[in-house]
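Chains, contacts and geometry: an overview
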Amino acid sequence: MTQPDPIVAAFAAGALTLGLLAVGLFFLKFWRRTGDRLFLAFAVAFALLALNQAVPTLARIPSENQGYVYLLRLGAFLLIIAAVLRKNFGRR
C-alpha cells in the first residue's frame, strides 16, 4: 500500500479541522441562545475532535496509530455520551 502525499494529507486534515470547528461554533451559538448544556458539551466535543485532527499534522506524527492521539477523540466521545445520558436521565 502506498503512502498518501503529505501535502494532500495536510490539506485534508486542515479542511476537516476547519469543518469540525465550524460545527462546534454552531453548537456554541445554540448554547448561547438556549442555555442548554447539551449544546455546550457538543461544542467542546467538536473542538476536541478538531484538535485530534490537527495535532498529528502540526506535530508531524506520521501515523495516527500513536495511542495518545486517540485520547482527544476518546474524550470527545465520552463527553457526548455523558451529555446525552445527563439530558435523558438527569433531574427533570
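You'll find the structure just up there.
Residues numbered from 1 in each chain as written. Predicted model: local features only at pLDDT ≥ 70, side-chain atom pairs only at ≥ 80, totals over all residues. Heavy atoms only, no water.

**Considerations on the overall build of the chain**
When helices and strands are counted, the chain shows three helices and zero strands. Across its three principal directions, the C-alpha atoms of the chain cover 55 × 25 × 20 Å. Here the chain holds 92 residues, and the buried ones make up 24% of them. Taking the intrachain contacts of the chain between residues at least 6 apart in sequence as the baseline, contacts between residues at least 24 apart amount to 54%. (Helix = DSSP H or I, 4+ residues; strand = E, 2+ residues; numbered from the N terminus. Buried < 20%, exposed > 50% of the residue type's maximum accessible area, 1.4 Å probe, protein only. Contact = heavy atoms within 4.5 Å.)

**Some words on the nonpolar core**
Across soluble globular proteins, nonpolar side chains have a tendency to be buried as a group. Leu20, Phe27, Phe42, Phe46 and Leu49 are the most contacted members of the largest nonpolar core, which has 13 residues in total. Elements that contribute at least two residues to this core include exactly α1 (6-34), α2 (37-58) and α3 (70-89). When residues of this core are assigned to their parent elements, the largest contribution, eight residues, is made by α2. (Core = buried A, V, L, I, M, F, W, Y, C linked by side-chain atoms within 4.5 Å.)

**Focus: the packing of aromatic side chains**
One pair of aromatic rings is described through two measures. These are the centre distance and the angle between the planes. On inspection of all chains with the given rule, the structure shows five aromatic pairs. Taking 6.4 Å as the distance between ring centres and 85° as the angle between the ring planes, the aromatic pair formed by Phe27 and Phe30 counts as edge-to-face. With Phe27 and Phe30 both in helix α1 and three residues apart, this pair spans about one turn of that helix. Each ring, one from Phe30 and one from Phe39, has its centre 5.7 Å from the other, and the planes form 55°; the classification is tilted. Every member of this aromatic cluster is reached through a ring pair, and the members are Phe27, Phe30, Phe39, Phe42 and Phe46. (Phe/Tyr/Trp six-rings, centres within 6.5 Å; stacked < 30°, edge-to-face > 60°.)

**As for the side chain of Asn52**
Residue placement: Asn52 occurs in helix α2. Discounting chain neighbours no more than four positions away, the residues touching Asn52 are Val69, Tyr70, Leu72 and Arg73.

**A short note on a nonpolar patch on the surface**
A cluster of nonpolar side chains, contributed by Tyr68, Leu71, Leu74, Leu78, Ile81, Leu85 and Phe89, occupies part of the molecular surface with about 780 Å² of accessible area. Relative to the helices and strands, Ile81 resides in helix α3. (Patch = residues over 30% accessible without salt bridge, like charges linked within 9 Å, V, L, I, M, F, W, Y side chains within 5 Å. Areas by Shrake-Rupley, 256 points an atom, 1.4 Å probe, with all protein chains shown as cover. Salt bridge = Lys/Arg side-chain N within 4 Å of Asp/Glu carboxyl O.)

By themselves these figures say nothing about function.
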